[in-house]
Amino acid sequence: MKLGAAVLLAVLALAGCAGPKLAPTLAPAGQAKVWPDPPETARYAYAGTLIGENDFTTDTAATSRSTALKIAEFITGALFGQAAPVELQRPVAGIVDAEGRVYVADMGQQAVMVFDMPAKKFLRWNQATDEQDFAAPSGVALDGKGGLYVTDTNLGVVVHLDRTGTPLGTFGAGEMARPTGIARDPRTGRLYVTDTARHKVLIFSPEEKLIDTIGARGHESYEFNFPTHIAISGDRLYVADTLNFRIQVFSLEGDGKQAFGQIGLNVGNMARPKGVAVGGDGRVYVVESYYDHLLVFDPRGRFLLPIGGTGKEDGQFYLPAGVWTDAQNRVYVADMFNGRVAVFKELTQGME
């Protein structure tokens, strides 16, 4: 038997041994790293990492692929020009829908990467319109109908996709220079978009028409200095006012405002706050990208706990960007320059 035929038979035999595909469980393992360190009460545990196509493994033991299978994949690629598995490159933001699908805006891939947990599939959505691909997707929000809104900082628009990733249209062209963060108020259907270059938050109606703006460049309340990411929880709007080194919080009912954070050298200070999200008990999560930390604050803006530090180990980051939460008390961090999404589990309620 010729060598090529023998290799092919070996590859096919190995492929035939593969079990059904599995989706990542995103649950802490028995020896998962926790925060804070013992002997203090553990408040968070490391729940896993999302990287890309290989997260949906064929190993029924949910462990690393066998050496034989890795060799088979290498040989198959060498013989037949098979493409390498698709992975995250520069994830910057994300969101989770009610079905458990995780959507990640990836500037490196110039696409929205979809971890479809229920269907056990990994998808790459790269089309912004029928004629144009994404250039720099930077923020995502659910549309309330199973679809997705995506900001693209280079295209200067918000893209509307249906639940299959098919483009439905764009809006905001000419009305914003560099749209970055996006959040939707599920009560009213209004969309809030940060325009980083123009130091504003733009408000769009459910019909995708610009109806109002918040802010101008400055350092006072209702003013911004290169705002980036944004979040809505209840009747509160949270804006990462990045180069004012703070988080500004506004009531969507118009009955109050709040700000917290300051520049400094201590852990808990903000040098480059970017991602912002709200989790259990109203805890506020802020990605401090300059010092590679996820900072945890109480609803009043009091600093509670840091997670992170520079590195590649579990719970470490390298220039992280976005943060978001889900209904299962998980916290997701777009660990941008490590090319991954780190996932944490809230273990306790209340951190007073």
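Source: prediction; values computed, not measured.

Conventions and cut-offs
Throughout this document, residue positions are counted from 1 along each chain, in the order its sequence is written. Totals for whole chains, interfaces and linings use all residues, but because this is a predicted model, local features are given only for residues with pLDDT of at least 70 and pairs of side-chain atoms are given and counted only at 80 or more. Side-chain metrics in this entry use all non-hydrogen atoms of the structure; hydrogen atoms and water are not considered. Each residue gets one of three labels from its accessible area relative to the maximum for its type: buried under 20%, exposed over 50%, partly exposed in between, using a 1.4 Å probe on protein chains only. Only DSSP runs of H or I covering at least 4 residues are called helices, and only runs of E covering at least 2 are called strands; the numbering of each starts at the N terminus. DSSP calls a pair of strands paired once it identifies at least 2 bridges connecting them. Axis geometry follows a simple rule: fit a line to the C-alpha atoms, using only the stretch in contact for helices, then measure angles between N-to-C directions, giving values from 0 to 180 degrees. Whether two residues are in contact is decided by their heavy atoms, any of which lying within 4.5 Å being enough.

**What to know about the pairing of strand 4 (residues 101–106)**
For a regular strand, side chains alternate in direction, first toward one face of the sheet and then toward the other.
Turning to step 1, where the next piece is worked out: Burial within strand 4 is extensive, with six of its six residues counted as buried.
Turning to step 2, where the next piece is worked out: Of the two faces of strand 4, the one carrying Arg101, Tyr103 and Ala105 and the one carrying Val102, Val104 and Asp106 are both buried.
Turning to step 3, where the next piece is worked out: Here strand 3 (residues 91–96) pairs with strand 4 via five bridges, running antiparallel. Residue pairing across strands places isoleucine 95 opposite tyrosine 103, the latter belonging to strand 4.
Turning to step 4, where the next piece is worked out: From the end of strand 3 to the start of strand 4, which pair antiparallel, there are four residues, and glycine 100 there has a positive phi angle of about 95°.
Turning to step 5, where the next piece is worked out: The pairing of strand 4 with strand 5 (residues 111–116) spans six bridges and is antiparallel. Residue pairing across strands places tyrosine 103 opposite valine 114, the latter belonging to strand 5.

**Description of the sheet that holds strand 18 (residues 257–260)**
Turning to step 1, where the next piece is worked out: Strand order across the open sheet formed by four strands is 15-16-17-18, with antiparallel pairing between neighbours. Of all strands in the sheet, those bounded by a partner on one side alone are strand 15 (230–233) and strand 18. Direction aside, the axes of adjacent strands within the sheet are offset by 20° on average.
Turning to step 2, where the next piece is worked out: By the bridge criterion, four bridges tie strand 15 to strand 16 (residues 236–241) in an arrangement that is antiparallel. Paired with isoleucine 232 across the strands is leucine 237, a residue of strand 16.

**Quick word on unusual backbone geometry**
Turning to step 1, where the next piece is worked out: Here the residue pair tryptophan 35 and proline 36 is connected by a cis peptide bond, since its omega of -10° sits within 30 degrees of zero.
Turning to step 2, where the next piece is worked out: With respect to the secondary-structure elements, proline 36 resides in the loop between strand 1 (34–35) and strand 2 (44–50).
Turning to step 3, where the next piece is worked out: Across the junction of proline 38 and proline 39, the peptide omega takes the value 10°, indicating a cis bond.
Turning to step 4, where the next piece is worked out: Along the chain, proline 39 falls in the loop between strand 1 and strand 2.
Turning to step 5, where the next piece is worked out: Of note in the backbone geometry, phenylalanine 245 takes a positive phi value of approximately 60° without being a glycine.
Turning to step 6, where the next piece is worked out: Looking at the element boundaries, phenylalanine 245 is found in the loop between strand 16 and strand 17 (246–251).

**Some words on the pairing of strand 7 (residues 137–142)**
Turning to step 1, where the next piece is worked out: For strand 7, the tally of buried residues reaches five of six residues, placing the bulk of the element in the interior.
Turning to step 2, where the next piece is worked out: As paired strands, strand 7 and strand 8 (residues 148–152) are joined by five bridges and run antiparallel to one another. Across the sheet, the residue bridging to valine 140 is valine 150, located in strand 8.
Turning to step 3, where the next piece is worked out: Hairpin connection of strand 7 to strand 8: five residues between the antiparallel strands, including glycine 144 at a positive phi of 85°.

**Description of the environment of lysine 274**
Turning to step 1, where the next piece is worked out: Assignment of secondary structure puts lysine 274 in strand 19 (residues 273–278).
Turning to step 2, where the next piece is worked out: For lysine 274, a relative accessible area of 27% puts it in the partly exposed group.
Turning to step 3, where the next piece is worked out: Residues lysine 274 and histidine 229, spaced 45 residues apart in sequence, show a C-alpha to C-alpha distance of 5.7 Å.
Turning to step 4, where the next piece is worked out: Discounting chain neighbours no more than four positions away, the residues touching lysine 274 are Thr228, His229, Ala240, Thr242, Val287, Ser289 and Ala321.

Read these as layout, nothing more, since geometry by itself doesn't imply function.
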